[in-house]
Protein chains: 2
Amino acid sequence: MSIRYLTAKLAQQIDEELMSTAGAFSLDQLMELAGLACAQTLATVYNKEKYPRVLVCCGPGNQGGDGLVAARHLGLFGYKPTIWIPKPGSKDIYKRLHAQCENMHIPTLPTNEPNLAENTLSTALASSDVVLDAIFGFSFKPPVRAPFDAALRLISHAGIPIVSVDIPSGWDVEHGDAGGIGLNPDALVSLTAPKEGVRGFIGRHFLGGRFVPKWAFIFYFIENFA
Amino acid sequence: MSIRYLTAKLAQQIDEELMSTAGAFSLDQLMELAGLACAQTLATVYNKEKYPRVLVCCGPGNQGGDGLVAARHLGLFGYKPTIWIPKPGSKDIYKRLHAQCENMHIPTLPTNEPNLAENTLSTALASSDVVLDAIFGFSFKPPVRAPFDAALRLISHAGIPIVSVDIPSGWDVEHGDAGGIGLNPDALVSLTAPKEGVRGFIGRHFLGGRFVPKWAFIFYFIENFA
């Protein structure tokens, strides 16, 4: 069966269409389903007995929100998630999602002192079993800026498996891991549909996000979860 | 392990607290998770090969919204859902959730002519394999009014299995099936926690709704899905 890959522009258009037509999905709905799919993917590949400690790394955009939803569900699944979120998004939904995690006593690494972000991340990686990479999504444009440039290096060299959301952080959404700074995840969960940039991805590849009508699924099917 | 049952008032308080504290859940989030739990419960008990045709019966309140979310997920799971919704809710979210189903080509039974609701329901029941009962939730107060009084009789006598959400429709939330007009479901999915009225329920009982912090789950665990 042939797989359809999305350009960054088409991915953006699908998102806008989902949230603007009659019967529009709310951002809350889309993020909840996307984040749940990420948590389910991680739980499918890395069981909580062997990999209980999940470091959920969140970027400042909507993908960071997916990560926060995933952290909450992972906590409910029985994992011990910890959140690294050096640049929290300013949207109200982002704050609510973060508070929902705090209400569940999911710890967030401190990041409010110079250079602390990096040092703290390094320590946290040493006591984690798996990373959920929700740093950059399909709207990412290079270059990778601080503190994420140093963070990607630390995560890459931590020696623990990585599950990336939509596009491995640091990869160009359409051209893949051109600069070599990007993460090299063991598993990838593509939301709605795989992006052009992951054609070269080798690893376990899941499709998540139950919001696109069925007809859109005809052309691609990688590995699905019920 | 002991099971904690909720009064209608306590259930209402938990809902209000979930939506009003810092880190409030939005109604969109709660409904998406509740409806997904309903769809997963039905799929766990009634497989789509033997029971493909699901009649999703929706009331006018928030539980009707859960039903609409469930119908969409059941469609994505591969079932053939049909919606019966004689009194659509007036909230914007209700309309969006219904339009999301229509965009997926999930049919809704016509109900805009006198008596047609009942006749159409009868015909639809004859060509359905299982009913998802999302008519009345924990804010229901007797008596059952038209067209739901006749509808409950039709559903009860249709001879197909019923999955009820939170409280079997027609049951008093605290005193159970007192009047004898209520449905007698084969499976029940309690949202957040079982309600007082279902102490006497005999059948497969699931707990759904991944939004209450873990500490609240310590006291009850019936049958869970990962």
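A quick note: this is a predicted structure, and the numbers were derived from the prediction, not measured.

Conventions adopted
- Residues numbered from 1 in each chain as written.
- Chains lettered and ligands numbered in written order.
- Predicted model: local features only at pLDDT ≥ 70, side-chain atom pairs only at ≥ 80, totals over all residues.
- Heavy atoms only, no water.
- Salt bridge = Lys/Arg side-chain N within 4 Å of Asp/Glu carboxyl O.
- Helix = DSSP H or I, 4+ residues; strand = E, 2+ residues; numbered from the N terminus.
- Buried < 20%, exposed > 50% of the residue type's maximum accessible area, 1.4 Å probe, protein only.
- Axes fitted to C-alpha atoms, helices over the stretch in contact; angles between N-to-C directions.
- Parallel < 35°, antiparallel > 145°, perpendicular 65-115°, else oblique.
- Left-handed = near helix turned anticlockwise from the far one by under 90°.
- Contact = heavy atoms within 4.5 Å.
- 1 Å grid on protein atoms, 1.4 Å probe; cavity = no way out; pocket = protein on both sides within 12 Å on 5 of 7 lines; lining within 4 Å.
- Points joined across faces, edges and corners; volume = space filled by probe spheres on them.
- Nonpolar A, V, L, I, M, F, W, Y, C, P; charged D, E, K, R; others polar.
- Right-handed = clockwise from strand over helix to strand, strands pointing away.
- Pairing = 2+ DSSP bridges.

A. The arrangement of the pattern of salt bridges in detail. Residue and element names in this part refer to chain A. Here the structure, examined in full by the defined rule, presents 12 salt bridges over all chains. Residues arginine 72 and glutamate 32 are paired through a salt bridge, measuring 2.9 Å at the closest nitrogen-oxygen approach. With arginine 72 in helix α3 (residues 62–77) and glutamate 32 in helix α2 (residues 27–45), this pair connects stretches of sequence that are 40 residues apart. Comparing arginine 72 with glutamate 32, the two get one shared label, buried. Linked by salt bridges that have partners in common, Asp28, Asp92 and Arg96 make up one network.

B. Region of the structure containing the packing of α2 of chain A against helix α4 (residues 92–103) of chain A. All names here are of chain A. It is the contact of α2 with α4, at a shortest axis distance of 11 Å, that shows an interaxial angle of 45 degrees. Looking at the two axes, α2 sits oblique to α4. Considering the relative orientation of α2 and α4, their crossing is right-handed. Seen from α2, the contacting residues are Leu27, Asp28 and Met31; seen from α4, they are Ile93, Arg96 and Leu97.

C. Just the layout of surface pockets, in detail. Residue and element names in this part refer to chain A. Considered as a void within the structure, the second largest pocket measures approximately 610 Å³ in volume. Along the wall of the second largest pocket there are 32 residues; nearest its centre are Asn62, Gln63, Gly137, Phe138 and Ser139. The set of elements that each furnish at least two residues to the lining of the second largest pocket consists of α1 (8–18), α2 and α3. Take the lining of the second largest pocket: its biggest share by element is five residues, from α1. When the residues that make up the lining of the second largest pocket are grouped by side-chain class, the tally is 17 nonpolar, eight polar and seven charged.

D. Quick peek at the pairing of strand β1 (residues 53–58) of chain B. Residues and elements named next belong to chain B. Burial analysis of β1 places five of its six residues in the buried class, which makes it a mostly covered element. Viewed along the sheet, the connection from β1 through helix α3 (residues 62–77) into strand β2 (residues 80–84) turns out right-handed. Inspection of the sheet shows β1 paired to strand β3 (residues 130–134) by five bridges, in the parallel sense. Note that in β3 the partner of valine 56 across the bridge is leucine 132.

Limitation: the analysis is restricted to geometry and does not speak to function.
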